[in-house]
Amino acid sequence: MTMKKYTHLTNGFTLIEVLIAFIILSFGLLGAVALQAKAKQASFDALQRSAAIALGNDILQRIRANDTSDLVGLYKREFTSTSQLSTASTCFSGTCSAAQIALFDLQQWKRAIRARENTGALDNATVCINPEVVSGSNSKAFNVQVIVSWLGRQEFKATTTTNDISCGSKENNRRLVVLTSYIYARG
C-alpha cells in the first residue's frame, strides 16, 4: 500500500492581505470625503460671488435708470448687512422723485445682502457706491464704482491691489467684486 501525499493548497486571501486592502480602500475613501468637502466650499463661494455680481449689476442698472444730475448726492453710500432698514415709500404706484427712488433702491439693496433674514444671498457684506463727476462734463457724466465685499469661508492672502480697497473689513477671508461703469445723466 502506498501512501498518498497531501499537499496543502492555499486558496483565498490571508488576513494580512485583507487588512492591507482595507487600509488602502480607507485612504481612498477619506480622500474622496475631503474632496467632497472642498467642492462644497467652492460651490458656496461661487454662489456668493454670483450673488455679489448680480447685486453690483442691479445697483448700476438702477442708478442708470434714475439718472439725475444729483447722482453723487443720492447714491454715494456705504452700507452693510446689519444696516437698519427704513420705511421708505415703495414707489410702485404714483409719482416718485429721484430722491425717493434712490431711497427705495437703497432699501432693496440692503434687503439683498441680509442672508440671515432669508431675504438675500450675501452674509457679512458691505457695499460701497462711489459715483464721481467726470471733469468737464457739466455734471452730467459720472464714473460709478460699486464694490461688494463679503466674508468667504476660506482664508487666503490678498494681493496689494485688493488690500488697498477700503470697503469692508480687512480680514483674510474677505472677498471683493468691483464693478465700474460710465453713466451719462439725461436729467
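Residues numbered from 1 in each chain as written. Predicted model: local features only at pLDDT ≥ 70, side-chain atom pairs only at ≥ 80, totals over all residues. Heavy atoms only, no water.

A. Seen up close, helix 1 (residues 15–65). Across its 51 residues, helix 1 extends 75 Å between first and last C-alpha, which sits within 8% of the 75 Å expected from 1.5 Å per residue. Of all the positions in helix 1, only D45, Q48, A51, A52, L55, G56, I59, L60 and I63 are classed as buried. At its buried positions, helix 1 is contacted by helix 2 (71–75), helix 3 (98–112), strand 2 (126–133), strand 3 (141–151) and strand 4 (174–184). (Helix = DSSP H or I, 4+ residues; strand = E, 2+ residues; numbered from the N terminus. Expected span 1.5 Å × (residues − 1). Buried < 20%, exposed > 50% of the residue type's maximum accessible area, 1.4 Å probe, protein only. Contact = heavy atoms within 4.5 Å.)

B. Molecular detail of the nonpolar core. Counting 27 residues, the largest nonpolar core has I63, W109, L122, I129 and V144 as its most contacted members. Elements supplying a minimum of two residues to this core: helix 1, helix 2, helix 3, strand 2, strand 3 and strand 4. Core analysis: the next-biggest nonpolar cluster, separate from the first, contains five residues, C128, I147, I165 and L176 among them. (Core = buried A, V, L, I, M, F, W, Y, C linked by side-chain atoms within 4.5 Å.)

C. Examining the state of the cysteines more closely. Evaluation of the coordinates by the stated rule reveals one disulfide. The side chain of C128 participates in a disulfide bridge whose partner is C167; the two sulfur atoms lie 2.1 Å from each other. An S-S torsion of about 95° defines the bridge between C128 and C167 as right-handed. Taken together, the residues C128 in strand 2 and C167 in the loop between helix 4 (160–163) and strand 4 connect sequence positions 39 residues apart. Of the two residues examined, C128 and C167, each falls in the buried class. (Disulfide = S-S within 2.5 Å.)

D. Region of the structure containing the pairing of strand 3. By the criterion of burial, strand 3 is predominantly enclosed, with eight of the 11 residues buried. Of the pairings in the sheet, the one linking strand 2 to strand 3 comprises eight bridges and is antiparallel in character. Bridging across to strand 3, E132 finds its partner in N143. Examined bridge by bridge, strand 3 and strand 4 share 11 bridges and lie antiparallel to one another. Along strand 4, the bridge assignment pairs W150 with R175. (Pairing = 2+ DSSP bridges.)

E. Up close: a nonpolar patch on the surface. The grouping of L15, I16, V18, L19, I20 and I24 at the surface amounts to a nonpolar patch, some 610 Å² of accessible area in total. Position of V18 among the secondary structure elements: in helix 1. What makes V18 partly exposed here is its relative accessible area of 43%. (Patch = residues over 30% accessible without salt bridge, like charges linked within 9 Å, V, L, I, M, F, W, Y side chains within 5 Å. Areas by Shrake-Rupley, 256 points an atom, 1.4 Å probe, with all protein chains shown as cover. Salt bridge = Lys/Arg side-chain N within 4 Å of Asp/Glu carboxyl O.)

F. The sheet that holds strand 2, seen in detail. Taken in spatial order, the four strands line up as 1-2-3-4 in an open sheet, and their pairing is antiparallel. At either end of the open sheet lies a strand with only one pairing partner, and these are strand 1 (77–80) and strand 4. Mean inter-strand twist for the sheet, computed between neighbouring axes without regard to direction, equals 10°. Sitting on the sheet, helix 1 touches strand 2, strand 3 and strand 4, and the angle it makes with strand 4 is about 20°. (Axes fitted to C-alpha atoms, helices over the stretch in contact; angles between N-to-C directions.)

G. View of the packing of aromatic side chains. In total, this model carries one aromatic pair according to the counting rule given. Note on Y75 and W109: the rings are 6.0 Å apart at their centroids and 45° apart in plane angle, and the pair reads as tilted. A residue pair is termed long-range when its members are at least 10 positions apart, and Y75 in helix 2 and W109 in helix 3 qualify at 34 residues. A single burial state applies to Y75 and to W109, both of which are buried. (Phe/Tyr/Trp six-rings, centres within 6.5 Å; stacked < 30°, edge-to-face > 60°.)

H. Local environment of the side chain of D105. Inspection of the secondary structure puts D105 in helix 3. Once residues lying within four places of it in the same chain are set aside, the contact partners of D105 are R62 and Y75.

I. Expanded view of the pattern of salt bridges. Applying the stated criterion to the full structure yields three salt bridges. Salt-bridge contacts for R62 lead to D105; the nearest nitrogen and oxygen are separated by 3.0 Å. Of this pair, R62 sits in helix 1 while D105 sits in helix 3, and the two are 43 residues apart along the sequence. Overlapping salt bridges, with partners in common, bring together D58, R62 and D105 in one network.

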